[in-house]
Amino acid sequence: MSNEAKQQQVESTLRLAPVVPVVIIEDASKAVGMARALVAGGVPAIEVTLRTPAALDAVRAIAAEVEGAFVGVGTVLTAKDLEAAFKAGAKFAVSPGSSPRLLDAADDSELPLLPGAASASEAMELLERGYRFQKFFPAVPAGGPKLIGAWASPLPQIRFCPTGGVSLANAHEFLSLPNVVCVGGSWLTPADKLAAGDYASIETLAREAAQLKR
């Protein structure tokens, strides 16, 4: 698959909802219920981060059992991570930044990658590699809406998914920008709600997120 075709897949995934939930899951048995709640709430693109041993099992379960879910893998740092994500059934991969080795591996992989940038130089380097869709990370610490908004004029070819410090309270500040396609946030799947299997609360949070305007 060409990089442009993969970029089109990334775009269609990011446009599914205003928010991509960024999930840290400790117990893979909670993955299906969580994902069904997110999909029911109108937020079908789900990023499961590789920060726990349960992550890949969670991705496998969601990919196999949750109709309507577009599950991806986050915190992808290496070619090995990219391959593991693909084999687990992920439909996209997300990285906090980028490295030459990771980008080379992504060129050879069928799995679309959303790489991260925190500066104009990083964004330009990714654009040279064909990445029109990028993660802006860490969004708030790196400069927030003012910084990414300032990139809209000189870098009009790039659309971003700001992640890192984004919440229901400030998501609209990012979503109102012309170069933001969606945001990523961890507030939809709080650790206590996941641990308790409180999927009704997760669905409610998803519904609130799905109603954000962009």
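Up top is the structure these notes are about.
Note that the coordinates shown come from a computational prediction; the quantities given were computed from them, not determined experimentally. (Residues numbered from 1 in each chain as written. Predicted model: local features only at pLDDT ≥ 70, side-chain atom pairs only at ≥ 80, totals over all residues. Heavy atoms only, no water.)

> Please clarify how the environment of T49 should be interpreted in this entry.
You can see T49 is positioned in strand β2 (residues 45–49). You can call T49 buried: its relative accessible area is 0%. Through-space distance from the C-alpha of T49 to that of E4 is 25 Å; in sequence the pair is 45 residues apart. Setting aside its immediate chain neighbours within four residues, T49 contacts V22, V23, I24, A55, G74 and T75. (Helix = DSSP H or I, 4+ residues; strand = E, 2+ residues; numbered from the N terminus. Buried < 20%, exposed > 50% of the residue type's maximum accessible area, 1.4 Å probe, protein only. Contact = heavy atoms within 4.5 Å.)

> How should I be thinking about the packing of helix α2 (residues 31–40) against helix α3 (residues 55–65) in this particular structure?
In helix packing, the relevant descriptors are the interaxial angle and the interaxial distance, both defined with respect to the helix axes. Contact geometry of α2 with α3 gives a least axis separation of 9 Å together with a crossing angle of 55°. If you check the angle between α2 and α3, you find them oblique. Here α2 runs over α3; the crossing is right-handed. Where α2 approaches α3, its residues A31, V32, M34, A35 and R36 are matched on the opposing element by A58, A61, I62 and E65. The residue inventory of the contact of α2 with α3, partitioned by class, reads seven nonpolar, no polar and two charged. (Axes fitted to C-alpha atoms, helices over the stretch in contact; angles between N-to-C directions. Parallel < 35°, antiparallel > 145°, perpendicular 65-115°, else oblique. Left-handed = near helix turned anticlockwise from the far one by under 90°. Nonpolar A, V, L, I, M, F, W, Y, C, P; charged D, E, K, R; others polar.)

> Even after reading the chapter, I still don't get the sheet that holds strand β7 (residues 133–136), so can you show me in this structure?
Note: strands within a sheet are paired through backbone hydrogen bonds, in either parallel or antiparallel orientation. With respect to topology, three strands assemble into an open sheet ordered β6-β7-β8, the strand pairing being parallel. Of all the strands in the sheet, the pair left with one neighbour each is β6 (116–117) and β8 (159–162). Two elements, β6 and β7, share two bridges in a ladder whose sense is parallel. The residue bridging G116 from the neighbouring strand is K135, located in β7. (Pairing = 2+ DSSP bridges.)

> Help me understand the state of the cysteines in this model?
Covalent bonding between the sulfur atoms of two cysteines is what defines a disulfide. Scanning the model with the defined rule gives zero disulfides in all. There is no disulfide at C161, and the cysteine sulfur nearest it, in C182, is 3.6 Å away. Given the relative accessible area of 4%, C161 is considered buried. By relative accessible area, which is 0% here, C182 ends up buried. (Disulfide = S-S within 2.5 Å.)

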